[in-house]
Amino acid sequence: MPKLKTKSGVKKRFSLTASGKVKRGQAGKQHGMIKRTNKQIRNKRGTTIMADVDAARVVKNFMPYG
């Protein structure tokens, strides 16, 4: 059986932690910052860990080799 390819969009958007959790960028920071509070903008910096149910879907369907 041939090797499976990882979805190229997933390579750019997600990465795995050492314990196998899926790390992603924060949503809601592309535009429209003027209407957000400073607290919201501050809290959306950096990355976050995906919920387990969503992470399982990403890994199972789009990242065949972890």
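For the structure itself, look to the data block above.
On a predicted model such as this, the values are computed, not experimentally measured, just so you know.

Rules behind the numbers
Residues numbered from 1 in each chain as written. Predicted model: local features only at pLDDT ≥ 70, side-chain atom pairs only at ≥ 80, totals over all residues. Heavy atoms only, no water. Patch = residues over 30% accessible without salt bridge, like charges linked within 9 Å, V, L, I, M, F, W, Y side chains within 5 Å. Areas by Shrake-Rupley, 256 points an atom, 1.4 Å probe, with all protein chains shown as cover. Salt bridge = Lys/Arg side-chain N within 4 Å of Asp/Glu carboxyl O. Lys, Arg positive; Asp, Glu negative; His and termini not counted. Charge placed at Lys NZ, Arg CZ, Asp CG, Glu CD. Helix = DSSP H or I, 4+ residues; strand = E, 2+ residues; numbered from the N terminus. Buried < 20%, exposed > 50% of the residue type's maximum accessible area, 1.4 Å probe, protein only.

Enquirer: How would you sum up a positive patch on the surface? Please name residues and give values.
Expert: Residues Lys5, Lys11, Lys12 and Arg13 make up a contiguous surface patch of positive charge. For Lys11, the location among the structural elements is in helix H1 (residues 8-13). A residue is classified by how much of its surface remains accessible, and Lys11, at 57% relative accessible area, is exposed.

Enquirer: If you had to explain a nonpolar patch on the surface to someone new, which residues and values would you point to?
Expert: Nonpolar side chains collect at one region of the surface, where Met1, Leu4 and Tyr65 lie side by side and expose about 460 Å² of accessible area between them. Positionally, Met1 belongs in the segment before H1. Judged by relative accessible area, Met1 falls into the exposed class, the value being 95%.

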